[in-house]
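Understanding the architecture of this molecule
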Amino acid sequence: MTSLVAGPGHTDTGSPAFNSEAIRADFPILERTVRGGKPLVYLDSGATSQRPVPVIDAEQEFLTTHLSAVHRGAHQLAEEATDFYESARLRISRFIGAPSAEELVFTKNATEAINLVAYSFGNATYSDEPEAARFRLGPGDEIVVTEMEHHANLVPWQELCRRTGATLRWFGLTDDFRLDLSNISELINSRTRVVAFTHQSNVLGTVNPVAEIVEAARKVGALTVLDACQSVPHAPVDLAELGVDFAAFSGHKMLGPSGVGGLYGRYELLSQMPPFLTGGSMIEQVFIDHSTYAAPPARFEAGVPMTSQAVGLGAAVDYLNDLGMPVVAAHEAELTGYALQQLSSLDGIRLIGPSENVDRGGAVSFVVDGVHAHDVGQILDNEGVAVRVGHHCAWPLHRRYGIAATVRASFAVYNTVSEVDVLVDAVQSAQKFFGGRG
Amino acid sequence: MQMEQLYQEIILDHHRSPHHAGLRDPFDTEVHHVNPTCGDEITLRVALGDVEPGSGSAGSVVVTDISYEGMGCSISQASTSVMTDLLIGRTVTEALGILDEFTAMATSRGTISGDEEVLGDGIAFAGVSKYPARVKCALLGWMAFKDATAQTVSRPNDVVTQTGGSAS
Ligand SMILES: Cc1ncc(COP(=O)(O)O)c(C=O)c1O
């Protein structure tokens, strides 16, 4: 098993010990060309990241040698598959700073993880188990979110409010693309039961002050749910140290497979929460008219779970650990700083996110004056540059800034400074194409 | 593909100076359509009138006006503009026929180049069909028209007696 700290040869200063070529060689897809021979410049890792050979190999190895249903079956393969699955759980839980492997529930992605929490709270509302009481919600209770949330950390809370009669409230955003915390003591109050917020915005790149929000929530006894989708893949994250009650992330954004993600939950809470999905594997005892439930994490993993995907995600965190998360973060910070500097030096570009490379990660969104984001994206695509355009599942955020759509470049450890140059050149081509032919 | 083939001059011209833009009275139905993947929006109004007053069947009902307002990329804006040129003044039956041809071309993945006799400037959008992600852009206004027209003709009251009403 891989150690949790960077191995020898890694420094936390970024570039010097950083072997970009060796890393890129681990991602065969980066060698391909697109749109008639243009080298692929993949700047859409915020949507989904590419996978290194060790991840692909780990899945392949598992499928060709150990495949079987986990936690079932009396045969050797079942035993091996279960060991692989649980070993992945252990390594991933360490990677995110969970005190124990039992505090990591496998889900299909972050969206399912957040829904799991919201539905469990909803189920608690209709449960008469005494231990469910602390999760019950009703009229007068408040759930607090932020205006920068991905729909995945907004819509489930809207729905929970609708079902229980609780009230949804939210932090606004400042003109310089940060959370507006000026009314935090009013917003997080004695009626607040849940505070759900993102660690790092998938549009703005803004990293939120988790400690301050957790402290305010704790003071009033509210539970915290962190959307860690965009932080866990890109920087060292220690969830226990952050002190959040729950956190959600997706494998496909952290060099791992799609179809697997995770919910971190403090054991004390998980062990009192009612299940979300029910059926096989999550029970303790089943009678014809009622059932009792297994301890976490099994309680929240109904049915035969994903296996090769979990194994692949285990390999992904090994890969990231080998690089060293501080090194990954430093490299991405360098790319982000350079992109911010280059893009803000162009006329007619408006950054939608902090222009200062402080408390922000590698999602760089912008609008080009007079050219719709879709049209910019089309020209970029023609140059081989893959970005995302649109509202990036953060429609309220876009509304807040009075824009319909943005162009987003997002970085991962395999990107390079020269790719940022290609991006910036392509943006200028788009300006010329739509401005110049007038 | 050259970007000039996708973004033909006709498209850029319509984008820069869209025809029949703005919301006008009178109208029969107003609809609001969005493209949920990118957030583009259009509000579109349709006014229908009888060729021969009182004849009532869809074949003789004419599209007297299409007006619209929206936010969107050059493809969606230009496509809506071209659509108004093509459909205003046609009978509903003719208009829906043109719409079907345009839709078939736009969703053809590059296999249907479009009949200029029927689609006029609309054939400039044939290139869009090679970019599946942009097909919805090209169809946004057309789908809004189809919806507004269907709502109007399915309303029990004689369409020509209605002006200024609004649904959606
Ligand atoms: C901040 C944030 N939250 C949640 C999600 C949802 O992730 P998934 O679609 O993998 O469930 C994403 C990914 O798009 C994201 O960027």
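Read on for an overview of the structure.

Basis of the calculations
- Residues numbered from 1 in each chain as written.
- Chains lettered and ligands numbered in written order.
- Predicted model: local features only at pLDDT ≥ 70, side-chain atom pairs only at ≥ 80, totals over all residues.
- Heavy atoms only, no water.
- Helix = DSSP H or I, 4+ residues; strand = E, 2+ residues; numbered from the N terminus.
- Buried < 20%, exposed > 50% of the residue type's maximum accessible area, 1.4 Å probe, protein only.
- Contact = heavy atoms within 4.5 Å.
- Areas by Shrake-Rupley, 256 points an atom, 1.4 Å probe, with all protein chains shown as cover.
- Pairing = 2+ DSSP bridges.
- Axes fitted to C-alpha atoms, helices over the stretch in contact; angles between N-to-C directions.
- Right-handed = clockwise from strand over helix to strand, strands pointing away.
- Buried area = accessible area lost by both parts, 1.4 Å probe.
- Salt bridge = Lys/Arg side-chain N within 4 Å of Asp/Glu carboxyl O.
- Polar contact = N/O pair within 3.5 Å; in protein donor to acceptor, adjacent residues only side chain to side chain.
- Parallel < 35°, antiparallel > 145°, perpendicular 65-115°, else oblique.
- Nonpolar A, V, L, I, M, F, W, Y, C, P; charged D, E, K, R; others polar.
- Near = heavy atom within 4 Å.
- Phe/Tyr/Trp six-rings, centres within 6.5 Å; stacked < 30°, edge-to-face > 60°.
- Lys NZ or Arg CZ within 6 Å of the ring centre and 35° of its normal.
- 1 Å grid on protein atoms, 1.4 Å probe; cavity = no way out; pocket = protein on both sides within 12 Å on 5 of 7 lines; lining within 4 Å.
- Points joined across faces, edges and corners; volume = space filled by probe spheres on them.

A tally of regular secondary structure across chain B gives six helices and three strands. Each helix and strand of chain B, placed in order from N terminus to C terminus, yields the pattern α-α-β-β-β-α-α-α-α. Per-residue burial over chain B gives 49% buried out of 168 residues. Of all intrachain contacts in chain B linking residues separated by at least 6 positions in sequence, the fraction that spans at least 24 positions is 63%. Working note: accessible area of chain B is about 7100 Å², and carbon and sulfur atoms make up 52% of it.

What follows covers unusual backbone geometry. Look at the link from P296 of chain A to P297 of chain A: it is a cis peptide, with omega at 5°. The step from D25 of chain B to P26 of chain B runs through a cis peptide bond, and the omega angle for that step is -5°. The residue P26 of chain B is located in the loop between α2 (9-16) and β1 (29-35) in this model. Positioned with a positive phi, C393 of chain A is a non-glycine residue whose angle comes to about 55°. Within the secondary structure layout, C393 of chain A lies in the loop between β16 (388-390) and α13 (395-400).

The next subject is the sheet that holds strand β9 (residues 246-250) of chain A. Residues and elements named next belong to chain A. Ordered in space as β4-β10-β9-β8-β7-β5-β6, the seven strands form an open sheet in which the pairing is mixed. Since the sheet does not close on itself, it has two edges, and those belong to β4 (104-107) and β6 (167-171), each with one partner. On average, each strand axis in the sheet is tilted by 20° relative to the strand beside it, whichever way the strands run. Pairing analysis gives three bridges linking strand β5 (residues 142-146) to strand β7 (residues 192-198), with the strands arranged parallel. Within the sheet, the bridge partner assigned to V144 lies in β7 and is V195.

Residue and element names in this part refer to chain A. A large share of β7 lies buried, amounting to seven of its seven residues. With five bridges joining them, β7 and strand β8 (residues 223-227) adopt parallel strand pairing. Paired with A196 across the strands is V225, a residue of β8. As a crossover connection, the stretch from β7 through helix α7 (residues 210-219) into β8 is right-handed.

On to helix α12 (residues 373-382) of chain A. With respect to burial, α12 of chain A is a largely interior element, nine of its ten residues being buried. Looking one or two residues beyond α12 of chain A, the residue adopting positive phi is G384 of chain A, at roughly 90°.

Reports of interface size often rely on the accessible area that becomes lost once the parts have come together. The partner chain B presents 23 residues to the 17 residues of chain A that form the contact. When chain A packs against chain B, close to 1700 Å² is buried across both sides, 54% of that on carbon and sulfur atoms. Where chain A meets chain B, there are one salt bridge. Counting across the chain A and chain B interface gives seven residue pairs in polar contact (both at pLDDT 80 or more). The set of elements that each furnish at least two residues to the side of chain A that touches chain B consists of α12 and α14 (417-436) of chain A. For the side of chain A that touches chain B, the element with the highest residue contribution is α12 of chain A, accounting for six residues.

This paragraph deals with the packing of α2 of chain B against helix α3 (residues 74-87) of chain B. All names here are of chain B. Across the interface, α2 lies against α3 with an axial gap of 8 Å and an inter-helix angle of 85°. The orientation of α2 relative to α3 falls into the category roughly perpendicular. Two secondary-structure elements touch here, α2 through I11, H14 and H15 and α3 through S74, Q77, A78, S81, V82 and D85. Here the contact of α2 with α3 is composed, by residue class, of three nonpolar, five polar and one charged.

What follows deals with the site of the ligand. Residues and elements named next belong to chain A. Neighbouring residues of the ligand: N109, A110, T111, H150, A152, N202, D227, C229, Q230, S250, H252 and K253. S250 is positioned such that a nitrogen or oxygen atom in its side chain is 2.6 Å from an oxygen atom of the ligand. The contact in question runs from an oxygen atom of the ligand to an N or O atom on the side chain of K253, over 2.7 Å. In isolation the ligand offers 400 Å² of accessible surface; the protein chains occlude 90% of this area.

With that out of the way, let us pick up the packing of aromatic side chains. All names here are of chain A. A complete count under the given rule lists 13 aromatic pairs over all chains for this structure. When the ring of Y119 is compared with that of F276, the centres are 5.2 Å apart and the planes differ by 25°; the resulting orientation is stacked. Of this pair, Y119 sits in helix α4 (residues 110-125) while F276 is found in the loop between α9 (267-270) and β11 (283-286), placing the two residues 157 residues apart along the sequence. Following the ring pairs from residue to residue traces out a cluster consisting of F27, Y319 and Y414. Seen from the ring of Y119, R163 lies directly overhead, with NZ or CZ sitting 4.2 Å from the centre.

Below, the discussion takes up the environment of K38 of chain A. Residue position: K38 of chain A is located in strand β2 (residues 38-39). Setting aside anything within four residues of it in sequence, one finds K38 of chain A in contact with R32, T33, N382, E383 and G384 of chain A.

This brings us to the pairing of strand β10 (residues 261-265) of chain A. All names here are of chain A. With five of five residues buried, β10 is to be regarded as a mostly interior element. The two faces of β10 match: G261, L263 and G265 on one face and G262 and Y264 on the other face are all buried. Where β9 meets β10, five bridges bridge the pair, whose relative direction is antiparallel. Across the sheet, F246 pairs through a bridge with G265, a residue of β10.

Before going further, it helps to spend a moment on the layout of surface pockets. Roughly 600 Å³ of volume is contained in the largest pocket. Contributing to the lining of the largest pocket are 21 residues, with R35, G377, D381 and V387 of chain A together with A133 of chain B lying nearest its centre. Mapped by element, the contributors of at least two residues to the lining of the largest pocket are α12, β15 (385-386) and β16 of chain A together with α6 (132-154) of chain B. By residue class, the composition of the lining of the largest pocket is ten nonpolar, five polar and six charged. Estimates place the volume of the second largest pocket at around 320 Å³. Around the second largest pocket sit 18 residues that line it, and Q200, H234, A235, A329 and R360 of chain A are the ones nearest its centre. Class assignment of the residues belonging to the lining of the second largest pocket gives a composition of seven nonpolar, eight polar and three charged.

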